[in-house]
Amino acid sequence: MTPEQSILNQLNISPRNVWEIGVGQPELCSSIAFIDLGVPVKLFEPFTPHYQRLNAVYGTKLNVEIYNVAILDIDGAVNLCLANECSWIEGVKSPAVHSSILTGSSLTNYPHDCVPGCRLSRFDYGQIDVLLVDTEGCEWKVISSMISRPKAIRLEMELGYPNKDQYRTPDEDKILEWLSRNGYRLAGRQADDSWFVK
């Protein structure tokens, strides 16, 4: 059982429609178990080589749709910065950028890729049941245009900061206010992620 399945089982949630934003490589996909169970899954990955690998692995599955796009709060092309297995939108204070500041390393020499960006509302008509978001600092940009109110939302977001050097998700206050206003509560934590349920 995957960590995602375990948490959803504990919360007594049986997903019927799972969306994962910021998947990465196929072996990092958090939706694998749901795909294997036949649950309808939408995967969004802006980095084209990762998208191509996802398509090679999952593209023939009838319950999977894969999109090569960055989900943001704007429609239009954006620069995607790349470092090892990590990618982030240029100008966003991502965990990679935060770590480079702490270690004194430079991220200016990493390659950039121009990718299409659009709002989640372009795809979302109210059908999302479980939303999994790992967007390196763009979590607010993802949920700000969401039409659905999923039963469960997992955000890459560590809550509570014991020291000033720890990474804090950009727009965390907006995210928490949106979650509260829409009836969500913190249901659990999983590594760097926080789970919220209605």
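Residues numbered from 1 in each chain as written. Predicted model: local features only at pLDDT ≥ 70, side-chain atom pairs only at ≥ 80, totals over all residues. Heavy atoms only, no water.

### Describing the pairing of strand β10 (residues 185-190)
Spelled out, the test is: If DSSP finds at least two bridges between two strands, the strands pair. Note on conventions: DSSP H or I runs of at least 4 residues are helices, E runs of at least 2 residues are strands, and numbering of each starts at the N terminus.
Bridge analysis of β10 against strand β11 (residues 193-197) gives five bridges, and the strand direction is antiparallel. The partner of R189 across the bridge, within β11, is S194.

### Digging into the nonpolar core
Quick note on the threshold: Working definition of a nonpolar core: buried Ala, Val, Leu, Ile, Met, Phe, Trp, Tyr and Cys residues. They are joined through side-chain atoms within 4.5 Å. Note on classification: 1.4 Å probe, protein chains only; a residue is buried when its accessible area is under 20% of the maximum for its type, exposed when over 50%, partly exposed between these limits. Any two residues whose heavy atoms approach within 4.5 Å are treated as being in contact.
Counting 23 residues, the largest nonpolar core has I71, L131, I143 and L155 as the members making the most contacts within it. For this core, the elements supplying multiple residues, two or more each, are β1 (18-21), β8 (130-133), α5 (139-143), β9 (152-156) and α6 (172-181). Residues contacting I143, with those up to four places away along its chain left out, are L131, L155, I175 and W178. Ranked by size, the runner-up nonpolar core spans 21 residues in total, among them L43, Y51, Y58 and V64.

### Re the pattern of salt bridges
Between side chains of opposite charge, a pair can form as their charged atoms come close. Note the following rule: Note on definitions: salt bridges are taken to be side-chain nitrogens of Lys or Arg within 4 Å of carboxyl oxygens of Asp or Glu.
Tallying each qualifying case throughout the model produces ten salt bridges. We note a salt bridge from D129 to R16, for which the minimum N-O separation is 3.4 Å. In this pair, D129 sits in the loop between β7 (112-119) and β8 while R16 sits in the loop between α1 (3-10) and β1, placing the two residues 113 residues apart along the sequence. Judged by relative accessible area, which is 56%, R16 ranks as exposed. Residue K151 pairs with D129 through a salt bridge whose shortest N-O separation is 3.8 Å. One end of the pair, K151, is in the loop between α5 and β9; the other, D129, is in the loop between β7 and β8, with 22 residues separating them in the sequence. The exposure class assigned to K151 is partly exposed, which follows from its relative accessible area of 35%. A relative accessible area of 4% places D129 in the buried class.

### A few points about the sheet that holds β7
What counts here: Fitting a line to C-alpha atoms yields each axis, with helices limited to the stretch in contact; the angle taken between N-to-C directions then spans 0 to 180 degrees.
Pairing is mixed in the open sheet, where four strands are placed in the order β4-β7-β5-β6. Edge positions in the sheet fall to β4 (70-72) and β6 (86-89), since each of these pairs with one other strand and no more. Sheet twist, expressed as the average angle between the axes of neighbouring strands with direction ignored, equals 45 degrees.

### Overview of the side chain of N17
With respect to the helices, strands and loops of the structure, N17 is situated in the loop between α1 and β1. Judged by its relative accessible area of 15%, N17 is buried. For N17, the contacting residues outside a window of four places in its chain are V39, P40, Q127, I128, D129 and V130.

### Some words on the layout of surface pockets
To be explicit about the condition: Here a cavity denotes a set of grid points, spaced 1 Å apart and computed over the protein atoms alone, in which a 1.4 Å probe fits but from which it cannot get out, and a pocket denotes an open set meeting protein on both sides within 12 Å along at least five of seven lines; residues with an atom within 4 Å of a point are reported as lining. Grid points are joined across faces, edges and corners, and a volume is the space filled by probe spheres set on the points.
Each pocket or cavity is described by its volume, and for the largest pocket that value is around 490 Å³. G22, V23, G24, D134 and E136 are the residues nearest the centre of the largest pocket, which is lined by 29 residues in total. Within the residue set of the lining of the largest pocket, elements represented by two or more residues are β1, β4 and β6. Among the elements that line the lining of the largest pocket, the one with the most residues is β6, at four residues.

### As for the packing of aromatic side chains
One pair of aromatic rings is described through two measures. These are the centre distance and the angle between the planes. Stated precisely, the cut-off is as follows: A pair of Phe, Tyr and Trp rings is counted when the ring centres sit within 6.5 Å of each other, with Trp represented by its six-membered ring. The angle between the planes then sorts it: under 30 degrees is stacked, over 60 is edge-to-face, the rest tilted. Both a distance and an angle decide whether a charge sits over a ring: NZ of Lys or CZ of Arg must be within 6 Å of the ring centre and within 35 degrees of the ring normal.
Scanning all chains against the criterion turns up five aromatic pairs. Ring plane angle 40 degrees and centroid distance 5.6 Å describe the contact between W19 and F44, whose orientation is recorded as tilted. On the criterion of sequence distance, the pair formed by W19 in strand β1 and F44 in strand β2 (residues 41-44) is long-range, its members being 25 residues apart. F44 shares its class with W19; the two are buried. When the ring centre of Y184 is taken as origin, the NZ or CZ atom of K198, which lies over that ring, is 4.8 Å away.

### Description of helix α3 (residues 48-58)
The criterion, for reference: This arc is taken over the directions from the axis of the helix to the C-beta atoms.
Every buried residue belonging to α3 is among H50, Y51, L54 and Y58, and all of these are buried. Seen from one end, α3 has its buried residues packed into an arc of 100 degrees, which puts them on one side. Buried positions along α3 lie against α2 (32-36), β2 and β3 (64-67).

### Focus on the environment of C114
With respect to the helices and strands, C114 occurs in strand β7. C114 gets classed as exposed once you look at its relative accessible area, which sits at 54%. Aside from chain neighbours lying at most four places away, what touches C114 is A77, V78 and N79.

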